[in-house]
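# Structure assessment
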Amino acid sequence: MSTTSQLIRSWRGPAVLSFGFRPFFLGAALWAALSGVVWVLMLSGKLVLPTALDPVSWHAHEFLFGYLGAVIAGFLLTAIPNWTGRLPIVGWPLATLFGLWLLGRAVVASSALLPTGLVIIVDLSMPIALAIASAREIYAGQNWRNLAVLAMLVAFIVANGVFHVSAAEGEYAAQGIGMRLGVAAAVMMVAVIGGRIVPSFTRNWLAKRGASRKTSLPAVQLFDRAALIVLLATLAVWVFAPFERLTGLFLLGAGTFHLLRLARWKGWLTFAEPLVLILHGAYLFLPIGLLVLGLEILVPGTLGMATAQHVLMAGVIGSMTLAVMTRATLGHTGRSLSAGPATTLIYAAVIVSVFSRVGAGAWLEHASLFHAVSGWAWFGAFAGFVFVYGPLLISERKKSGGS
């Protein structure tokens, strides 16, 4: 039986189709940058898309289900072969999946001209195909531990469908139950997968530098499982009762739990390596987002619900996905696992974008300036990823050096 490496090497087509992370990470970053520009043009009235979604809902949908959907696909298509020991999807089957994702972006952008049912079917076709392929591989590899990840992917797909239905019924989908369910599924993915990779990569990095057992990171323990259970319960309450005071209290409690969880991973020891430090910084947005959202529910008008939700979306999702995409691209293309100046600037840009967006909610008199800074920083982060990592994603793996 062929190994993963043999299968990838045997592919004679474009290198970008030799592994799942390549087309999807590149496509995701391109779309994050391009859709941000389209969003600004739509707000200024210089561009009108023939979409059935209002501008804010289109923007929210295309980040959460468009951009993140591609990142999830790239991550799972790369990670599942490692989890199960089975062969990855490469070549034309991979191109078909990516083509379905592109088609989804096209039909959502032109949904006013198409039947709603057709738009939903096309937009959900890639994630459904991904879920089926993932389920098959997890079953064949008897990899039951990762059924939780599959469950979160299914919830993400259901959320996308609910978002479309809500919009079709005339609801403000950007603040609807489909949006909240999608954000909840994404945040839960970060908590589960981040809870594996952040302490693991940190421990490995510290060990290479001779860290003693006293500074090594703990394995997953009862506290981590408790934190995940608390988060799951909190997100479920938020999805179905987003404005209740009890929900606000749940969010504050979950935020505190995950601050303590993050502190146990000792991120302050990793300042010498931005590639590791960004994982801690990205995860930090999770408890911050929960705390800000809880505070907004308990004291309405503190920052505004949209700003609070942006901490979870742009903060948690935006920064963690960039952290994972940069690291995975370096590792899987044979480069050294170290962040150079350009990568560090990419991280800095996305963090500036998030804090500027929060500033727009905190200082309303300067909101337009903060929005402009946030938008340009966001574009810079993802355009920077395309510029720095795009050549790696479309070229052959480096045969020597790196890890």
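Look up a bit, the structure's there.
Counting from 1, residues in each chain are numbered in the order their sequence is written. Thresholds applied to this predicted model are a pLDDT of at least 70 for local features of residues and 80 or more for the giving and counting of side-chain atom pairs; totals over whole chains, interfaces and linings are not thresholded and use all residues. Only hydrogens and water are removed before side-chain values are computed, so all heavy atoms of the structure are retained for them.

## Concerning the overall build of the protein chain
Rules: Here a helix means four or more residues in a row that DSSP labels H or I, a strand means two or more in a row labelled E, and each is numbered from the N terminus. Within these notes, the globule rule equals 2.2 Å times the number of residues to the 0.38 power, and the radius of gyration is based on C-alpha atoms.
In terms of helices and strands, the protein chain carries 13 helices and zero strands. The N-to-C order of helical and strand elements in the protein chain reads α-α-α-α-α-α-α-α-α-α-α-α-α. Computed over the C-alpha atoms, the radius of gyration of the protein chain is 20 Å, within 12% of the 22 Å expected from 2.2 N^0.38 for a compact globule of 403 residues. Once the C-alpha set of the protein chain is aligned to its principal axes, its extents read approximately 55 × 55 × 40 Å.

## Details of the nonpolar core
Rules: Put simply, buried Ala, Val, Leu, Ile, Met, Phe, Trp, Tyr and Cys residues joined by side-chain atoms within 4.5 Å make one nonpolar core. Burial status follows relative accessibility: with a 1.4 Å probe on protein chains alone, a residue under 20% of its type maximum counts as buried, one over 50% as exposed, and anything between as partly exposed. The criterion used for residue contact is that any of the two residues' heavy atoms lie within 4.5 Å.
Residues Phe-24, Leu-64 and Phe-382 are the most contacted members of the largest nonpolar core, which totals 123 residues. Top contributing element to this core by residue count: helix H3 (residues 55-84), with 16 residues. Leave out the neighbours within four places in its chain, and Phe-24 touches Ala-70, Ala-73, Gly-74, Leu-77, Leu-94, Leu-97, Phe-98, Trp-101 and Met-126.

## Points about the side chain of Glu-137
Here Glu-137 is to be found in helix H5 (residues 116-140). For Glu-137, a relative accessible area of 9% gives the class buried.

## Describing the packing of aromatic side chains
To keep things clear, this is the line we draw: Two rings from Phe, Tyr or Trp (for Trp, the six-membered ring) form a pair when their centres sit within 6.5 Å of each other. Planes less than 30 degrees apart are called stacked, planes more than 60 degrees apart edge-to-face, and all others tilted. Note on geometry: a ring has a charge over it if NZ (lysine) or CZ (arginine) is within 6 Å of the ring centre and within 35 degrees of the ring normal.
A full pass over the atoms with the stated rule returns 19 aromatic pairs. The rings of Phe-63, Tyr-67, Trp-378 and Phe-382 are connected pair by pair, giving a single aromatic cluster. Above the plane of the ring of Trp-83 lies Arg-196, whose end atom (NZ or CZ) is 5.9 Å from the centre. Above the ring of Phe-201, the side-chain terminus of Arg-327 is found at 3.8 Å from the ring centroid.

## Things to note about H5
The condition that has to hold: Working rule for helices: expected span equals 1.5 Å times residues minus one. By definition, a residue's bend is the angle between the axes fitted to the seven residues ending there and the seven starting there.
End to end, H5 covers 36 Å across 25 residues, agreeing with the expected 36 Å (1.5 Å per residue, within 8%). At Ser-125, H5 shows its strongest bend, of approximately 45°, with the proline Pro-127 following within four residues. Downstream of H5 by one or two residues, Gln-142 has phi in the positive range, about 55°.

## Points about helix H9 (residues 245-263)
We apply this condition: Read the arc as the range of directions from the helix axis to the C-beta atoms.
Over its 19 residues, H9 extends 27 Å from the first C-alpha to the last, a length consistent with the 27 Å expected when each residue adds 1.5 Å. Of the residues making up H9, those classed as buried are Thr-247, Gly-248, Leu-251, Ala-254, Gly-255, His-258, Arg-261 and Leu-262. Across the axial projection of H9, the buried residues extend over an arc of 140°, all falling on one side. In H9, those exposed residues whose orientation departs by more than 90 degrees from the buried face are Arg-245, Leu-246 and Leu-249.

## As for the environment of Val-354
Looking at the secondary structure, you find Val-354 in helix H12 (residues 341-362). A residue is classified by how much of its surface remains accessible, and Val-354, at 2% relative accessible area, is buried. Sequence-wise, Val-354 and Arg-145 are 209 residues apart; in three dimensions their C-alpha atoms are separated by 33 Å. In contact with Val-354, other than residues within four places in its own chain, are Phe-285, Ala-314 and Gly-315.

## Examining a nonpolar patch on the surface
Note the following rule: Residues enter a patch when their relative accessible area is above 30% and they make no salt bridge; the linking distance is 9 Å between like charges and 5 Å between nonpolar side chains (Val, Leu, Ile, Met, Phe, Trp, Tyr). For the accessible areas, the method is Shrake-Rupley and the probe is 1.4 Å, while residue cover comes only from the protein chains on display. A carboxyl oxygen of Asp or Glu within 4 Å of a side-chain nitrogen of Lys or Arg is what we treat as a salt bridge.
A surface patch of nonpolar side chains, amounting to about 390 Å² of accessible area, comprises Val-37, Leu-41, Trp-376 and Phe-379. Of all elements in the fold, only helix H2 (21-43) and helix H13 (367-393) reach the threshold of two or more residues within the nonpolar patch. Within the secondary structure layout, Leu-41 lies in helix H2.

## A short note on the packing of helix H7 (residues 177-208) against helix H10 (residues 274-298)
Filter applied, for reference: Note on geometry: axes are lines fitted to C-alpha atoms, helical ones only across the stretch in contact, with angles between N-to-C directions running from 0 to 180 degrees. An angle counts as roughly parallel when it lies under 35 degrees, as roughly antiparallel when it exceeds 145, as roughly perpendicular when it falls between 65 and 115, and as oblique in every other case. By convention, the crossing between two helices is left-handed when the near helix turns anticlockwise from the far helix through less than a right angle, and right-handed when the turn is clockwise. Under the grouping applied here, Gly and all other residues not named as nonpolar or charged are polar, the nonpolar ones being Ala, Val, Leu, Ile, Met, Phe, Trp, Tyr, Cys and Pro and the charged ones Asp, Glu, Lys and Arg.
For the pair H7 and H10, interaxial distance at closest approach is 10 Å and the crossing angle is 150°. Judged on the interaxial angle alone, H10 and H7 are roughly antiparallel. In this structure, the crossing between H7 and H10 has a hand that is left-handed. In contact with Val-187, Val-190, Ala-191, Ile-197, Val-198, Phe-201, Thr-202 and Trp-205 of H7, H10 contributes Val-276, Leu-279, His-280, Tyr-283 and Leu-286. Across the contact of H7 with H10, the residue classes tally to 11 nonpolar, two polar and no charged.

## Observations regarding unusual backbone geometry
Positive phi, normally seen in glycine, also occurs at Gln-142, with a value near 55°. Given a relative accessible area of 47%, Gln-142 falls into the partly exposed group. With a phi angle near 55°, Lys-266 is a residue other than glycine that sits in the positive phi range. Summarising the element assignment, Lys-266 is placed in the loop between H9 and H10. On the basis of relative accessible area, Lys-266 is assigned to the buried category, the value being 18%.

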